[in-house]
Amino acid sequence: MEPSLARVDYLQVGVTAQKTMRLLPASGKKATQKVVVGDQDGVVTCFGIKKGEAVPVFKTLPGQKISRLELGGALNTPQEKIFVAIGSEVRGFTKRGKQFLSFETNLTESIKAMYISGADLFLCASYIYNHYCDCKDQHYFLSGDKINDVLCLPVDKVSCITPVLACQDRVLRVLQGSDLLYEVEVPGPPTVLALSNGNGGDSGEEIVYGTSDGKLGLTQITGTKAIPKWEIGNEKKRGGVLCVDSFDILGDGVKELLVGRDDGMIEIYNFESADDPVLRHDYALSESIASIQGGCVGKDGYDEILAATYSGWLTGLTTEPVHREGGSGEELKLSQEMQSKISSLRNELEQLQIKVLQEREKYQQSSQSSTAVSSVPAFSVNDKFTLNKDDASYSLILEVQTAIDNVLVQSDAPLDLLDVDKNSAVVSFSSCDSEPNSNFLLATYRCQANTTRLELKVRSIEGQYGTLQAYVTPRIQPKTCQVHQYQIKPLSLHQRTHSIDQDRPMNTLMLKGQFSFAEIHSWVVFCLPEVPEKTPAGECITFYFQNTFLGTQLETTYRKGEGYFKSDNISTISILKDVLSKEATKRKINLKISYDVNEESVRHTLKLIHPKLEYQQLLAKKVHLIDALRELQVHEGNVDFLLPKYRSILEEADQLLEEYKRQPAHLERLYGMITDLFIDKFKFKGTNVKTKVPLLLEILDGCDQDGLIAFFDAA
């Protein structure tokens with residue numbers, strides 16, 4: 001049965017962070033629940049709904065921004081105590097709003113994640129995990145990468161305290177005390193954790209995770225190892241997962257999985273087969289879903305999904321029917337109710353308009369006085385710059401608490417702007433003079449009214465690095481702008497992976513010199529994405545990467561005084577050699593550089609590139625034929641006389657044009673990569689072959705793999 005859900009907007013608070021809204025337990029079965037939410041103005045708001053109106057229970061004074069909100073209480077009792085994380089402090093409130101706890105932790109950074117189980121408090125800053133029991137420090141752990149979320153398996157089902165950390169390096173770290181018990185590899189950087197079914201399942205060991213690239217999974221955390229149960233990819237290319245909850249919204253006696261994503265999608269997954277969840281229903285809001293809960297909020301007896309969005313809207317998807325069936329008396333009563341509501345809203349709107357006019361006049365007068373001080377309005381921008389594995393492009397998502405007027409994008413590194421289907425903004429390009437100002441890209445996105453979220457896609461060229469800048473101007477007065485910067489790294493298309501194929505032919509670059517572990521780590525951070533900025537613990541570290549465009553791989557191992565870099569792509573080694581020696585020269589450090597080139601690796605890389613090259617050349621040829629074939633179709637009226645391959649081009653014309661438009665300069669990029677590979681192969685031999693490049697391009701046009709390999713061998 002398809003759920004019939006109606007949208008209701010209850011209330012707007014300040015900008016909210018991830019996991020900062022919860023429903024307090026109901027006083028009776030099917031009774032309405034109170035909502036508690038914390039925002040970035042530092043205000044905790046608790047309210048209930050009566051006759052469709054939000055009625056406040058309590059509201060705290062503004063302060064530092066609230067990064068997390070959790071419910072707690074003694075084990076096996078209703079969890080109705082409210083705990084909020086503010087900076088490095090945890091505060092506790094009763095359901096009536098009385099503060100009973102102010103616990104200043106020993107963390108030097110702000111709390112990023114929090115979980116509460118009875119008297120146990122689990123807190124995480126960027127890299128540090130702390131466990132407190134009755135506000136006394138118990139355990140501590142330093143993670144190898146940033147911690148995004150934390151939870152603990154239920155102690156009433158699992159005999160020992162088992163915390164689980166969701167870390168940015170695509171790993172769940174399972175702890176015992178202050179020690180790492182084991183690591184669980186997951187398909188993407190995990191952003192959120194939740195107990196399966198709200199209680200960890202029958203065993204209490206099952207946890208659901210969501211990743212920043214939109215994947216979901218369930219794994220069983222046993223005492224010795226993890227057992228993966230199911231995993232859902234992101235075929236629909238939706239946003240990253242920010243929040244999950246379990247609730248029986250369909251009323252079939254089985255709890256559904258509720259998922260909130262950063263592109264505004266709310267999804268309901270149903271366990272029809274009792275194994276893998278099936279997407280049953282989805283609903284799109286216009287901004288990211290920071291928190292999601294299932295419960296009864298608007299009216300007794302009607303379940304709903306409550307979502308808190310980035311800009312602070314509390315929105316419900318309720319099972320309560322919008323059009324009620326009944327006699328004329330009930331319809332009359334409903335219309336009177338609606339009329340009084342509309343009337344009160346009109347009055348409120350008029351008062352707000354008068355207030356805005358008064359404040360605007362006040363501002364105009366003060367700005368013209370001799371002692372005028374211009375005040376810049378503050379606004380929040382939620383941004384995300386991530387590499388997509390599927391199409392080797394970067395997504396830049398900008399979300400503002402108010403409507404966006406325009407976004408200016410500037411880059412001093414060569415970038416291609418790619419089409420985004422969801423993007424309704426009008427883009428205009430400005431011509432760039434790359435020499436004096438180092439401008440390779442200058443584009444303006446003009447947004448339509450009420451656009452609060454903008455998604456852009458760019459593709460970089462490895463070896464050419466710099467900074468991408470986004471100038472965000474919202475529709476507020478006086479006009480103001482925020483600049484956000486994103487680094488385009490030398491090996492920007494590489495993504496962290498758990499392991500690599502050791503049987504591939506590898507080229508090796510070896511560095512030796514008087515540099516510290518922290519110095520060489522900072523160079524690796526400069527060169528490659530997804531490397532933690534904090535210097536790793538220990539004396540030596542190894543990272544594995546995969547090139548998302550070509551599928552080639554890289555292994556980096558380094559310690560104080562030496563570094564080893566292995567790759568099956570000689571161009572990757574060449575870029576690393578150039579950038580690392582440049583960075584070392586900046587710091588006046590002498591490097592002893594040696595390398596071991598494997599001739600077989602060049603053939604191997606060409607064989608990886610060739611299928612992509614062949615496909616793109618064929619696509620380009622088909623697209624160039626479309627206009628001529630369509631003209632033939634118009635003149636002849638019938639195309640039955642054409643060969644089947646030409647008829648299929650006409651049939652698929654729209655898809656071919658769409659694909660070609662989505663991947664501009666794809667063929668040129670492949671030509672560039674093969675040219676770089678050719679130049680780099682001979683650069684390591686001390687030979688300059690740039691004069692032979694025109695001949696290479698002629699062979700590439702012929703698209704003959706054997707001829708290409710023969711040219712590389714003979715040159």
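Notes on the structure follow. Since the model is a prediction, treat every value here as computed from it, not as a measurement.

Some words on the sheet that holds strand 26 (residues 289-295)
Then, number 1: An order of 1-28-27-26 is seen for the four strands of this open sheet, with the pairing classed as antiparallel. The sheet is open, and its two edges are formed by strand 1 (6-12) and strand 26, each paired on a single side. Pairs of neighbouring strands in the sheet enclose a mean axial angle of 20°, with direction left out of account.

Some thoughts on the side chain of K19
Then, number 1: With respect to the element layout, K19 can be found in the loop between strand 1 and strand 2 (21-23).
Then, number 2: Reaching out from K19, the side chain makes a polar contact with the backbone oxygen of L193 at a distance of 3.4 Å.
Then, number 3: Each residue touching K19, except ones within four places of it in the same chain, is listed here: R68, L69, E70, D149, V192, L193, A290 and S291.

Focus: unusual backbone geometry
Then, number 1: Backbone geometry places K237, a non-glycine residue, at a positive phi of 55°.
Then, number 2: Look at N450: it is not a glycine, yet its phi comes out positive at around 70°.
Then, number 3: Tracing the backbone through its elements, the reader meets N450 in the loop between strand 34 (441-446) and strand 35 (453-460).
Then, number 4: By relative accessible area, N450 is classed as exposed at 67%.

Quick notes on helix 8 (residues 666-683)
In an α-helix, one full turn covers 3.6 residues, which means residues spaced three or four apart are oriented alike.
Then, number 1: Under the 1.5 Å per step criterion, the end-to-end length of helix 8 is 25 Å for 18 residues, consistent within 8% with the ideal 26 Å.
Then, number 2: In terms of burial, helix 8 is largely enclosed, as 13 of its 18 residues are buried.

Things to note about the state of the cysteines
Then, number 1: Under the criterion given, the structure shown has zero disulfides.
Then, number 2: Distance from the sulfur of C296, which forms no disulfide, to the nearest cysteine sulfur (C46) is 15 Å.

Here we look at the packing of helix 8 against helix 10 (residues 705-714)
Then, number 1: Two elements in contact, helix 8 and helix 10, have axes whose closest approach is 10 Å; the angle formed by their N-to-C orientations is 25°. As far as their axial angle goes, helix 10 and helix 8 are roughly parallel. Classified by chirality, the crossing of helix 10 by helix 8 is right-handed. Together, I674, L677, F678, K681 and F682 of helix 8 and L708, F711, F712 and D713 of helix 10 make up the contact between the two elements.
Then, number 2: For the contact of helix 8 with helix 10, the class distribution of residues is seven nonpolar, no polar and two charged.

Overview of the sheet that holds strand 9 (residues 99-104)
Then, number 1: The antiparallel open sheet is built from four strands, whose spatial order is 6-7-8-9. Taken across any chain shown, the strands that pair with only one partner, and hence form the sheet edges, are strand 6 (66-72) and strand 9. Averaged over all adjacent pairs, the angle separating strand axes in this sheet is 20°, with direction ignored.
Then, number 2: Note: strand 7 (residues 81-86) against strand 8 (residues 89-93), five bridges, orientation antiparallel. Bridge pairing in strand 8 places A85 opposite V90.

What counts and how
Residues numbered from 1 in each chain as written. Predicted model: local features only at pLDDT ≥ 70, side-chain atom pairs only at ≥ 80, totals over all residues. Heavy atoms only, no water. Pairing = 2+ DSSP bridges. Helix = DSSP H or I, 4+ residues; strand = E, 2+ residues; numbered from the N terminus. Axes fitted to C-alpha atoms, helices over the stretch in contact; angles between N-to-C directions. Polar contact = N/O pair within 3.5 Å; in protein donor to acceptor, adjacent residues only side chain to side chain. Contact = heavy atoms within 4.5 Å. Buried < 20%, exposed > 50% of the residue type's maximum accessible area, 1.4 Å probe, protein only. Expected span 1.5 Å × (residues − 1). Disulfide = S-S within 2.5 Å. Parallel < 35°, antiparallel > 145°, perpendicular 65-115°, else oblique. Left-handed = near helix turned anticlockwise from the far one by under 90°. Nonpolar A, V, L, I, M, F, W, Y, C, P; charged D, E, K, R; others polar.

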